[in-house]
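Single-letter residue listing:
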Protein chains: 2
Amino acid sequence: MQEVFRYIDDHLEETLDELRRFCALPTVSAQGQAISETAEFLSEMLRRRGFDVRVLPKQDKGNPVVYAERPGKSPKTILLYNHYDVQPPEPLDLWSTPPFEMTRRGDKLYARGVSDDKGQIVSRLAALDALLAVNGEAPINIKFCIEGDEEIGSPEIEPFVHKHLDLLKADACLWEGSGVTWDGQPQITLGVKGLLYVELEVRSAARDSHSSWATVVPNAAWRLVWALSTLKDADEQVMIEGFYDAVRPSTADERAAIEAMPSDEDELLQTLEMPRYLKGLRGVDYRLRHYSEPTCTIDGLTSGYQGPGAKTVLPALASAKLDFRLVPDQDPQDILAKLKAHLVRHGFDDIEVRHLSGGHPARTPLDSPFVKVVEKAAREAYPVEPLLVPTMAGTGPLHSFIKTLGMPTADCGISYPDSRIHAPDENIRIADFVSGTKHMAAVLAGMGEA
Amino acid sequence: MQEVFRYIDDHLEETLDELRRFCALPTVSAQGQAISETAEFLSEMLRRRGFDVRVLPKQDKGNPVVYAERPGKSPKTILLYNHYDVQPPEPLDLWSTPPFEMTRRGDKLYARGVSDDKGQIVSRLAALDALLAVNGEAPINIKFCIEGDEEIGSPEIEPFVHKHLDLLKADACLWEGSGVTWDGQPQITLGVKGLLYVELEVRSAARDSHSSWATVVPNAAWRLVWALSTLKDADEQVMIEGFYDAVRPSTADERAAIEAMPSDEDELLQTLEMPRYLKGLRGVDYRLRHYSEPTCTIDGLTSGYQGPGAKTVLPALASAKLDFRLVPDQDPQDILAKLKAHLVRHGFDDIEVRHLSGGHPARTPLDSPFVKVVEKAAREAYPVEPLLVPTMAGTGPLHSFIKTLGMPTADCGISYPDSRIHAPDENIRIADFVSGTKHMAAVLAGMGEA
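Here is what the cut-offs are and how they apply
- Residues numbered from 1 in each chain as written.
- Chains lettered and ligands numbered in written order.
- Predicted model: local features only at pLDDT ≥ 70, side-chain atom pairs only at ≥ 80, totals over all residues.
- Helix = DSSP H or I, 4+ residues; strand = E, 2+ residues; numbered from the N terminus.
- Rg over C-alpha atoms; globule rule 2.2 N^0.38 Å.
- Buried ≥ 20, exposed ≤ 12 C-beta atoms within 10 Å, placed from the backbone.
- Contact = placed C-beta atoms within 7 Å.
- Least-squares fit on C-alpha atoms with pLDDT ≥ 70 in both.
- Pairing = 2+ DSSP bridges.
- Domains from an automatic or database assignment.
- Nonpolar A, V, L, I, M, F, W, Y, C, P; charged D, E, K, R; others polar.
- Axes fitted to C-alpha atoms, helices over the stretch in contact; angles between N-to-C directions.
- Parallel < 35°, antiparallel > 145°, perpendicular 65-115°, else oblique.
- Left-handed = near helix turned anticlockwise from the far one by under 90°.
- pLDDT = per-residue confidence, 0-100.
- Arc of directions from axis to C-beta.

Engineer: Can you tell me about the overall build of chain A, naming the residues and giving the values?
Structural biologist: Each helix and strand in chain A was counted, giving 14 helices and 19 strands. Computed over C-alpha atoms, the radius of gyration of chain A comes to 23 Å, within 12% of the 22 Å expected from 2.2 N^0.38 for 450 residues, which places it in the range of a compact globule. Expressed as a percentage of the 450 residues in chain A, the buried residues total 57%. Counted over contacts in chain A with a minimum sequence separation of 6, partners at least 24 positions apart contribute 80%.

Given below as structure tokens:
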């Protein structure tokens, strides 16, 4: 592998130039921007490497999937799942440099998508470039399934997978891309949380009123605040009836893996400039909560006058964006039904619940043979032992791949804990990009030998 | 007075043309717009009528006061309080026509400020024009005190009044301008509620996070929601400790006056397209609550992602605008102190309270001789009996005039219940403008005879 690794080092600047051009496309799925342009750009990237590329539509809604396949030496096949869309860049004034102009500062690269997920795609292709250059062929068959709307919850991915079972069939799957710890220890992640994303909206009158009417005219903002305050208490306990019913406790080896992870919580505290985590959690307790517990998050609040100074107005309209991260075996549709029932039960039938997106939690067992291949490859690419992570705290449509396609699915990549995905100044460390690319090359090679 | 009234009718179009030009100035004090331009425009309007005009600065902050005086036949002096600033026009998309282009549709005129307060100023000047044209002189001395920042809470008005006690001295004061009921019955309003306007802000981290961190990273939006939910319960009871302590019960004649007011609540229900008022209140109960009770209102909420679609973000910053309407003898500084103490006591010392503006509640007694003059004048100008209203539900810096200057202060004018002040499509009915102008002429004449 040393020759392959050297090729990766030697061709880094070309690779980063391709990444720069990819990140220049403002592929914001939440705002429907640059979708077909990016799908075409990505297809070209794949065709240049000898892939047979198809841009496949989803069923009713959602952006097209870029599907690509390329034969290799071994009969083994890997499916690489990624997405070409990115999160909205707002708030723009908190970016140090423009979000769609990849900028190098010190040992880091900054751009929306540089980590999540365009950087991971470019890293995987750079790994293949090196294997092809050194060996003249790919070690295994490679399939890419690259979505265009993961950041809005991958609509219609389940029916898409059901429709293309043969096309997507593989021996194993690598997920969109995780990365290393603060200390540079590679993480192999084996699951995701589920997600339910909703918007709550309440209209209390046909129009805003002068706030002197607050004696007698209902206030949409108050209705929203009161409704939200019934959903979670100040001790972070979700109070929706039945919310925790389907939560299954972690298995013994999941718990052991979480306990074995390093205590890296100080770095995030520093980055966020916070004195402490919720409930003062640290160490194992902090990690067990982070990886094992479901959440209920207010992602946004909007009502009334938000400009400078004072405006005495009684708002007729108020809304909140809300997401729930779910753990096995919570079901997003079940949680949605429970949320609606809860609001009605507590007298908030004036609150409209709009379902924006959702996905199931899913996990690959820690003792899967594919996991061993990814672990072994990590030992070749990194100077330190890899960590097994039973689940991400984040979400992706892994359920369709692990359950429907029946594949072991793992995740590794080029990111690090301060990559600021979904936030201003999204970034990667160049050294992590190089190591992650080498790891990817070793996984592809290792699967060919297994 | 009939000749004076006829003059008002005959010169209506000229008067409305002056109003149109006045409303064309976007004098939004909350955004610091067009202040000096409007002060100059207004000064010219006054000089044309023979006023001696002075543009007087406030002490530290605040926009200049346009002060003007003009002698009359009787030694009596009236002080007319008005303001030349307006509320922000936002949300712009809810205006049927541009807010700063006065538009006539049917029997109404639409523009920001057409009622609050530029329309009232123009009406008062038109009343004087008629008296001058018919009698060759003004019946009494007239002083105008016209603020430029009433809509942001009249900063520094108390020290301004203290500094100019002699200048502002008068036998009575007319306030900025109220109007008629849904049925066209003129209202003579004798008091205001007080106001405390604050902004609550909480920052939970240096920057937003990906919402998967919601397990361990505090969420500013949740902190804000929880804090707000401790301030008022869903039964509309303010829960700040001591909030109601200083509320003095209405006097018997205040209560009788409120009971004598007509049941006009159906019109507002229709306009707001609401099935019912808070607590299902109607009739006397509705009015007693509206005029006698203090309020706690969320005027605005801001946090996290507010754009289209789903963004999974954990907000580090959240803020709310909040106003309290206060009744005698609540004190805005006392309520501010109680609000801060309440938040700390309930564990919300992370919530910053910024004081934006405030004012004391104030009332003129119903049996004041000046009130009799205004009542008698209303009987000349309107075909129906006037109503005495012990207090507005709204706010103004009346306290400085009633208490500091020791003047009886009443309010009457050109507005009606659907004037939509502070909201999109602010408007007046032209017939109310004419009657209100005649009433004003009769008040000035009546004071000269008293």
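There is more to say, and it comes next.
Engineer: Quick rundown of the relation of the copies chain A and chain B? Include the residues and the values.
Structural biologist: Relative to chain B, chain A is turned by 180° and slid 0.0 Å along the rotation axis, the superposed coordinates differing by an RMSD of 0.1 Å. The transformation relating the two chain copies, once decomposed into turn and shift, fits a two-fold axis. With an isologous cut-off of 70% or more, the 100% of interface residues of chain A that recur at the interface of chain B puts this contact in the isologous class.

Engineer: Got a sec to walk through the sheet that holds strand β18 (residues 409-410) of chain B? Specific residues and values, please.
Structural biologist: Residue and element names in this part refer to chain B. Across the sheet, six strands lie side by side as β1-β2-β6-β3-β7-β18; this open sheet has mixed pairing. In this open sheet, the two strands that pair with only one neighbour each are β1 (52-56) and β18. Sheet topology note: the β1/strand β2 (residues 65-70) ladder contains five bridges and is antiparallel. Residue pairing in the sheet places V55 in a bridge with V66 of β2.

Engineer: For the domain arrangement of chain A, give the residues involved together with the corresponding values.
Structural biologist: It is common to report an interface's size as the accessible area lost on association of the parts. All names here are of chain A. The assigned domain composition of chain A is domain 1 (2-192 + 362-449) and domain 2 (194-247 + 294-359). Domain 1 and domain 2 are separated by 34 Å when their C-alpha centres are compared. Taken together, the contacts link nine residues of domain 1 with nine residues of domain 2. When grouped by side-chain class, the residues that make up the side of domain 1 that touches domain 2 number four nonpolar, four polar and one charged.

Engineer: Residues and numbers for the sheet that holds strand β1 (residues 52-56) of chain A, please.
Structural biologist: Residue and element names in this part refer to chain A. Taken in spatial order, the six strands line up as β1-β2-β6-β3-β7-β18 in an open sheet, and their pairing is mixed. The open sheet has two edge strands with one neighbour each: β1 and β18 (409-410). Here five bridges tie strand β2 (residues 65-70) to strand β6 (residues 141-147), and the two strands are oriented antiparallel to one another. When the bridges of β6 are listed, A68 appears paired with F144. The strands touched by helix α3 (residues 35-48) are β1, β2 and β6; relative to β1, the strand with the most contacts, the crossing angle is about 160°.

Engineer: So what's going on with the packing of helix α1 (residues 2-10) of chain A against helix α4 (residues 118-135) of chain A? Which residues, and what values?
Structural biologist: Residues and elements named next belong to chain A. The interhelical angle for the contact between α1 and α4, taken along N-to-C directions, is 125°, at an axis separation of 9 Å. In terms of orientation, α1 lies oblique with respect to α4. Between α1 and α4 lies a crossing of right-handed hand. Listed contacts from α4 to E3, V4, Y7 and I8 of α1 are A126, A130, L131, A133 and V134.

Engineer: Can you explain the packing of helix α7 (residues 220-229) of chain A against helix α7 (residues 220-229) of chain B? Please cite residues and give values.
Structural biologist: Packed helix pairs are specified by the crossing angle of their axes together with the interaxial distance, meaning the distance between the axes. It is at 9 Å that the axes of α7(A) and α7(B) come closest, and there the two elements cross at 105°. Taken together, the axis directions place α7(A) and α7(B) in an arrangement best described as roughly perpendicular. Along its contact with α7(A), which presents V225(A), W226(A), L228(A) and S229(A), the element α7(B) presents V225(B), W226(B), L228(B) and S229(B). Along the lines of polarity and charge, the residues of the contact of α7(A) with α7(B) split into six nonpolar, two polar and no charged.

Engineer: Outline the interface of chain A and chain B, supporting the account with residue identities and numerical values.
Structural biologist: Contacts between chain A and chain B engage 74 residues on the former and 74 residues on the latter. Listing elements by their share of the side of chain A that touches chain B, those giving two or more residues are β11 (209-210), α7, α10 (283-292), β12 (297-304), β13 (313-314), β14 (317-326) and β15 (351-359) of chain A. In terms of residue count, the dominant contributor to the side of chain A that touches chain B is β12(A) (eight residues). Its residues placed into classes, the side of chain A that touches chain B shows 38 nonpolar, 24 polar and twelve charged. Summarising the sheet, β12(A) and strand β12 (residues 297-304) of chain B pair through five bridges and their orientation is antiparallel. Along β12(B), the bridge assignment pairs G304(A) with G300(B).

Engineer: Can you explain the environment of K311(A)? Please cite residues and give values.
Structural biologist: Note on placement: K311(A) falls in the loop between β12 and β13. The class for K311(A) is buried, based on 25 C-beta atoms found within 10 Å. When the C-alpha positions of K311(A) and H346(A) are compared, they lie 31 Å apart, and in sequence the two are 35 residues distant. What K311(A) contacts, discounting residues up to four positions off in sequence, is Y305(A), A30(B), Q87(B), P88(B) and D299(B).

Engineer: Got a sec to walk through the confidence of the model for chain A? Specific residues and values, please.
Structural biologist: Averaged over every residue, the pLDDT of chain A is 95; residues scoring 70 or more account for 100%. With pTM at 0.78, the complex prediction returns an ipTM value of 0.78.

Engineer: Tell me what's going on with α1(A), and back it up with residues and numbers.
Structural biologist: An α-helical segment advances 3.6 residues per turn. Residues three or four places apart therefore align on the same side. Residue and element names in this part refer to chain A. Of all the residues in α1, the buried ones are V4, F5, Y7 and I8. All buried residues of α1 fall inside an arc of 155° around its axis, so they share one side. More than 90 degrees from the buried face of α1, the exposed residues found are Q2, E3, D9 and D10. Taken together, the buried residues of α1 touch α4 and α14 (430-449).

Engineer: How would you sum up the environment of R282(B)? Please name residues and give values.
Structural biologist: As for its placement among the helices and strands, R282(B) is situated in the loop between α9 (265-272) and α10 (283-292). For the pair R282(B) and D60(B), spaced 222 residues apart in sequence, the C-alpha separation works out to 45 Å.

Engineer: For α10(A), give the residues involved together with the corresponding values.
Structural biologist: Every buried residue of α10(A) is accounted for by Y286(A), R287(A), H290(A), Y291(A) and S292(A). For α10(A), the elements touching its buried residues are α8 (252-260) and α9 (265-272) of chain A.

Engineer: Which residues make up unusual backbone geometry, and what are the values?
Structural biologist: In this model, E90(A) is joined to P91(A) through a cis peptide bond whose omega is 0°. In this fold, P91(A) is placed in the loop between β3 (77-83) and β4 (103-105). Residue D329(B) follows P328(B) across a cis peptide bond; omega there is 0°. Phi angles above zero are rare outside glycine, and S154(A) is one such case at about 50°. In this structure, S154(A) sits in the loop between β6 and α5 (157-163). Notably, E236(B) is not glycine yet its phi reads approximately 70°, a positive angle. Structurally, E236(B) can be placed in the loop between α7 and α8 (252-260). Its 18 C-beta neighbours within 10 Å are what place E236(B) among the partly exposed residues.

Engineer: Talk me through the environment of I430(B); I want residue IDs and the actual numbers.
Structural biologist: Residue and element names in this part refer to chain B. Its location among the elements puts I430 in helix α14 (residues 430-449). When the 15 C-beta atoms within 10 Å are taken as the criterion, I430 is described as partly exposed. Residues I430 and R70, spaced 360 residues apart in sequence, show a C-alpha to C-alpha distance of 28 Å. Those residues in contact with I430 that lie beyond four places of it in its chain are D107, K108 and L109.

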